[in-house]
Every structure is written in C-alpha cells, then in structure tokens.
Amino acid sequence: AQSVTQLGSHVSVSEGALVLLRCNYSSSVPPYLFWYVQYPNQGLQLLLKYTTGATLVKGINGFEAEFKKSETSFHLTKPSAHMSDAAEYFCAVRGLYSFQKLVFGTGTRLLVSP
Amino acid sequence: NAGVTQTPKFRVLKTGQSMTLLCAQDMNHEYMYWYRQDPGMGLRLIHYSVGEGTTAKGEVPDGYNVSRLKKQNFLLGLESAAPSQTSVYFCASSYSTSGRHEQYFGPGTRLTVT
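Residues numbered from 1 in each chain as written. Chains lettered and ligands numbered in written order. Predicted model: local features only at pLDDT ≥ 70, side-chain atom pairs only at ≥ 80, totals over all residues. Heavy atoms only, no water.

**With respect to the nonpolar core**
With 28 residues, the main nonpolar core has A:W35, A:L48, A:L76 and A:Y89 as its most contacted residues. The set of elements that each furnish at least two residues to this core consists of β2 (10-14), β3 (19-26), β4 (32-38), β5 (44-50), β7 (64-68), β8 (73-78), β9 (87-94) and β11 (108-113) of chain A. Of all hydrophobic cores here, the second largest spans 19 residues; its members include B:Y33, B:L43, B:L45 and B:V88. (Core = buried A, V, L, I, M, F, W, Y, C linked by side-chain atoms within 4.5 Å. Buried < 20%, exposed > 50% of the residue type's maximum accessible area, 1.4 Å probe, protein only. Helix = DSSP H or I, 4+ residues; strand = E, 2+ residues; numbered from the N terminus.)

This is the structure:
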C-alpha cells in the first residue's frame, strides 16, 4: 500500500527566499507522484506530476520537484518565493497497476512574509 | 469549459437531516471521485465511479451513498447527517484511472452538521 509523509504542517519563508516542501512516499511498486496546490477556499490544482522519464519535473508558477527513488522522496522547490505562493500544498502518490486510489499527504501550509 | 462544478458551495444541516451534493464535469471524463478534507488529515476518498452506472467504495464510505446515472454527474448523498460528517467535500474527475492522468478538482462544498 502506498503512503505519503509531508514533513512540517507549516513552512514559513520570506519573499524571495527558497521554498522547500518535503515529501516522502512508500510504495511497493514504482509510483506516480503529484503535487497539488490549494489556495484559500478553492479546490486543488495540479502543480506538477512525475510519471516516467526525467526525474526533475517542472511545473507551473516556477515550481519543480525531483523524484529520488533511492531516497523515496519527491520534494517541491521554488528558487524565489512570491507572496502569491502562500497556500496549502499536498503531495500525492498512486501505484502503477489497475485502479489504485490517489493517496494524499496531510498537507503543508506555506506562509510567505514580506 | 467549466471543468468540475459542485453544488451547493455551503450548507448547514441538523443531525439526522439528509442532503445530496451534486458534482458535474464537462470534460467527458470516465472516472469521478468524492473526497472529504479534514484538518490535518489530507483528502480521503469516500466513493468513486469508473463509468456511468457504476460506483465503488473508497476509504471512508460509511454514512454516504452515491449514484452515477449520467456520465457527467456524480451525486453524493447523506441519508442521516451526523456531526462527524462536518467537512469540506471535493469532487474530482479524470480521463482514466491511469496514474498518467491527473484528477481535476471542483471548488468544494463546505458542510456543517449541528
């Protein structure tokens, strides 16, 4: 069974600083990995996904994530935080075979200060 | 395209009352899902559907029923609401169950049961 651990329920950064949101997964088979963003009072929006191929994945709004199989990690980064990045971020994993549900982490709220 | 829409956006119920949440998608997706989001718990799958006329249980199905009479609609019913069902409910849809295809989320319904 798949599971996802997001370290830190809240992460605070200053505007212009590096954003690093951590995600570790467990999966018995090669997984598909996703990062979603949720702005206040809105639904979830896909930031980026890893399926196969290049392990460094670029997403929207300047975010990227690197799939590291040896570390079972899929951390989300952005070189320079913007005030508009303040939101909650969810990492999710699903397995490769047949219908396997999307398993979400508990989320990390990103706070950006001026 | 409107994407995934949900009706209503907000609702307050008294314990024991019933209600139906409506989800509609205009992307011709085969697969639809209902999640609930609770603080510190991420999103948990309630029920899902792999096509018109089919439904299946997810992770937390107790107290809920669903129907998929039309491909574009997925209804979530609460027959006798309980305070434990106070949550934010999200509907999602996807082209297939393949991990390559991400799920698209609606804006959510905030339900309070008193």
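**Looking at the packing of aromatic side chains**
Applying the stated criterion to the full structure yields twelve aromatic pairs over all chains. By the ring-pair criterion, three or more aromatic residues cluster together here, those being A:F34, A:Y36, A:F90, A:F104, B:Y33, B:Y35 and B:F105. (Phe/Tyr/Trp six-rings, centres within 6.5 Å; stacked < 30°, edge-to-face > 60°.)

**Quick notes on the side chain of A:K78**
Residues and elements named next belong to chain A. As for its position among the elements, K78 is in strand β8. Polar side-chain contacts of K78 include one of 3.0 Å to the backbone oxygen of N61. Leave out the neighbours within four places in its chain, and K78 touches A17, L18, V19, N61, G62, F63 and D85. (Polar contact = N/O pair within 3.5 Å; in protein donor to acceptor, adjacent residues only side chain to side chain. Contact = heavy atoms within 4.5 Å.)

**Remarks on the sheet that holds strand β7 (residues 65-67) of chain B**
Residues and elements named next belong to chain B. The antiparallel open sheet is built from four strands, whose spatial order is β1-β3-β8-β7. The sheet is open, and its two edges are formed by β1 (4-7) and β7, each paired on a single side. Strand-to-strand twist across the sheet, computed as the mean angle between neighbouring axes with direction ignored, equals 20°. With six bridges joining them, strand β3 (residues 19-25) and strand β8 (residues 73-78) adopt antiparallel strand pairing. Bridge assignment links A24 to a residue of β8, and that residue is N73. (Pairing = 2+ DSSP bridges. Axes fitted to C-alpha atoms, helices over the stretch in contact; angles between N-to-C directions.)

**With respect to the side chain of A:Q38**
Along the chain, the position of A:Q38 falls in strand β4. Leave out the neighbours within four places in its chain, and A:Q38 touches A:G43, A:L44, A:A87, A:E88, A:F90, B:Q37 and B:F90.

**Some details on unusual backbone geometry**
In this structure, B:P8 follows B:T7 across a cis peptide bond, with omega equal to -5°. By the secondary structure assignment, B:P8 is in the loop between β1 and β2 (10-13). Phi is positive for A:N61, close to 60°, though the residue is something other than glycine. You can see A:N61 is positioned in the loop between β6 (56-58) and β7.

**Describing the sheet that holds β3(A)**
Residues and elements named next belong to chain A. One open sheet holds the five strands; their spatial order is β1-β3-β8-β7-β6, and the pairing between them is antiparallel. Edge positions in the sheet fall to β1 (3-7) and β6, since each of these pairs with one other strand and no more. Pairwise comparison of adjacent strand axes, ignoring direction, gives a mean angle of 20° for this sheet. Bridge analysis of β3 against β8 gives four bridges, and the strand direction is antiparallel. For L20, the partnering residue across the bridge sits in β8 and is T77.

**Focus: the state of the cysteines**
Covalent bonding between the sulfur atoms of two cysteines is what defines a disulfide. Residue and element names in this part refer to chain A. Inspection of the entire model under this criterion finds two disulfides over all chains. Two residues, C23 and C91, share a disulfide whose sulfurs are 2.0 Å apart. Disulfide C23 to C91: torsion about the S-S bond roughly -65°, handedness left-handed. Of this pair, C23 sits in strand β3 while C91 is found in strand β9, placing the two residues 68 residues apart along the sequence. This pair shows no difference in class: C23 is buried, exactly as C91 is. (Disulfide = S-S within 2.5 Å.)

**Quick notes on the environment of A:Y25**
Residue and element names in this part refer to chain A. In this fold, Y25 is placed in strand β3. The class of Y25 is buried, set by a relative accessible area of 8%. Measuring from C-alpha to C-alpha, the distance between Y25 and F104 comes to 10.0 Å, with 79 residues separating the pair along the chain. In this structure Y25 touches S3, V4, P31, L33, F67, K69, T72 and S73, once residues within four positions along its chain are discounted.

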